[in-house]
Amino acid sequence: MRLWLFGLYGIVATTAVAGERAIKKGLSDKTGLVTELEQFKGLEKYSPLDFDRFGGHEIRSLDSNLYEELFKHWEENFHFDYRILKALKEDLEEIKAKKGTALNCGEGVLQELKPIQSLENDGLTLEQIVEKLEKDLLEFCDEDTVAIDVASTEPVLPYDDEVHGSLEGFEKAIKENKKDKISSSMIYAYVSLKNKIPFGNFTPGVGSSIPALKELAQKTGTPHAGNDGKTGETLVKTTLAPMFSYRNLKVLGWMGYNILGDLDGKVLSHEQNKESKIVSKDKVIGKILGYYPYTITEINYFPSLKDNKTAFNFIHYQGFLGAKMKLYFIWDAIDAIVAAPLVLDIARFLNFAKKKNQKGVIKELAFFFKSPMETEVYNTHEQFEMLVNWYNSLK
Ligand code: NAD
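Criteria and thresholds
Residues numbered from 1 in each chain as written. Predicted model: local features only at pLDDT ≥ 70, side-chain atom pairs only at ≥ 80, totals over all residues. Heavy atoms only, no water. Helix = DSSP H or I, 4+ residues; strand = E, 2+ residues; numbered from the N terminus. Rg over C-alpha atoms; globule rule 2.2 N^0.38 Å. Buried < 20%, exposed > 50% of the residue type's maximum accessible area, 1.4 Å probe, protein only. Contact = heavy atoms within 4.5 Å. Lys, Arg positive; Asp, Glu negative; His and termini not counted. Charge placed at Lys NZ, Arg CZ, Asp CG, Glu CD. Domains from an automatic or database assignment. Buried area = accessible area lost by both parts, 1.4 Å probe. Salt bridge = Lys/Arg side-chain N within 4 Å of Asp/Glu carboxyl O. Polar contact = N/O pair within 3.5 Å; in protein donor to acceptor, adjacent residues only side chain to side chain. Nonpolar A, V, L, I, M, F, W, Y, C, P; charged D, E, K, R; others polar. Phe/Tyr/Trp six-rings, centres within 6.5 Å; stacked < 30°, edge-to-face > 60°.

## Focus: the overall build of the chain
- In terms of regular secondary structure, the chain is built from 16 helices and eleven strands.
- For 395 residues, the compact-globule estimate of 2.2 N^0.38 gives 21 Å, and the chain sits close to it at 20 Å.
- For the chain, the spread of C-alpha atoms along the principal axes amounts to about 65 × 55 × 45 Å.
- Sorting the 395 residues of the chain into buried and exposed places 57% on the buried side.
- Within the chain, contacts between residues at least 6 apart in sequence are counted, and of these 78% link residues at least 24 apart.
- Averaging the locations of the 50 positively and 57 negatively charged side chains of the chain gives two centres separated by 3 Å.

## A closer look at the environment of K41
- Along the polypeptide, K41 turns up in the loop between α1 (11-24) and α2 (43-46).
- With near-sequence residues (within four places) excluded, K41 lies in contact with Y391 and K395.

## Considerations on the domain arrangement of the chain
- Taken domain by domain, the chain comprises domain 1 (2-229 + 337-394) and domain 2 (233-333).
- Between the C-alpha centres of domain 1 and domain 2 there is a distance of 25 Å.
- The interface of domain 1 with domain 2 comprises 27 residues on the first partner and 28 residues on the second.
- Between domain 1 and domain 2, a total of about 2400 Å² is buried, with carbon and sulfur atoms accounting for 55% of that surface.
- For the pair domain 1 and domain 2, the interface holds two salt bridges.
- Measuring nitrogen to oxygen at the nearest pair gives 2.6 Å for the salt bridge that ties E76 to K306.
- Taken together, the links from domain 1 to domain 2 amount to 13 residue pairs in polar contact (both at pLDDT 80 or more).
- Every element with two or more residues in the side of domain 1 that touches domain 2 is listed here: α3 (66-77), α5 (106-112) and α16 (380-394).
- For the side of domain 1 that touches domain 2, the leading source of residues is α5, giving six residues.
- Residue composition of the side of domain 1 that touches domain 2, grouped by class: nine nonpolar, ten polar and eight charged.

## Some words on the packing of aromatic side chains
- Scanning the model with the defined rule gives 22 aromatic pairs in all.
- Between Y67 and F71, the aromatic rings sit 6.2 Å apart at their centres with planes inclined by 25 degrees, giving stacked as the arrangement. Of this pair, Y67 and F71 both sit in helix α3, four residues apart, which is roughly one turn of the helix.
- Exposure remark for F71: the relative accessible area of 25% places this residue in the partly exposed category.
- Relative to F368, the ring of F349 has its centre 5.9 Å away and its plane inclined at 45 degrees; by these criteria the two rings are tilted. Here F349, found in helix α15 (residues 335-355), pairs with F368, found in the loop between β11 (360-361) and α16; they are 19 residues apart in sequence, far enough to count as distant.
- Note on F349: relative accessible area 0%, which makes it buried.
- Chaining the aromatic ring pairs together yields one cluster made of F40, Y46, F349, F352, F367, F368, F384, W390 and Y391.

Laid out in structure tokens, this is it:
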């Protein structure tokens, strides 16, 4: 298998690549990988945990390589044993990013990641950007290639039915160079799906979720899934919220307050870039409970925490005889460590889906996402059952 990552030098991408290589060299076990559970026995026949190549697009540090960029993240976070890092040096130095696009990525990206090295900054039109990205992908890919977007969170671009509502409208906008209507996550999804490369959107950005790109996936017979990896606080929320329903307890209010540092935290400190993340994290409670209690969802930048995200949750609920009670929890995790294995899992399941002739949105992968496409199942327990049943029906 091969894996193309949009945002190749980020901490999630570099940790995912390092993790796969460390497991291959026998330097780490497979803890954290859903695909290695007993329930998915046999998956290795179709989608082994064995990626022969990694590549991707970036908009910064293009003279660097994956090892150097991983090392910078490691110096900040010490998120795994130094001996692993040392043993992977040669392997990872060979992996180099190609120039991507930062179209409509918002102030957060433009300011925090400057100097931005992007195709539009070189004066390319939308059509030329698409051509260049496609060329990179086609030079890299084989039959078993999956692409996953792990680039920085981009702002919500207003929906425009003329452009986003149909493939014809979308391709017309590309031809007419309507740069204000198309974001980088859409372009990445477009070039992947057009070339029959399964696409996963690990970010809260739009990606392949617009009708135009869903139509393209159907047309080319390509599977895709997203949006926004469910790795931490939201995983706990969507696992815990069903408990209140099962016991007929009424949730009156749910407050979630997140603090994080690192590049991701810096980008999210810009209101424009933060919005899509807040929406993604906030709506899950109402979806699970079937009613919408009062909620507060906040994310703030806290530099010294680096990638160690901490989420404080306060839940006010009502029980028998109208009594009001409280539950508190704190989630404290290294963001990249909880996210990286899921990137490998999503890639393996999408490749499996392609081999089983599945096309369009694979809603059964909802288990991995905060804002799953084409399903109203947000309950983690139900999502897991859905995933296992789907796998059993196809294997
Ligand atoms: P990061 O800031 O470390 O990495 C993002 C990388 O993307 C950077 O190297 C940046 O240069 C690059 N980039 C930005 N815009 C780009 C573009 N348009 N094209 C190509 N590259 C681009 O962030 P991270 O912590 O690795 O998170 C990556 C993404 O995953 C974010 O969108 C985040 O919201 C999402 N996510 C992370 C978690 C988690 O870490 N637990 C959970 C869910 C979702």
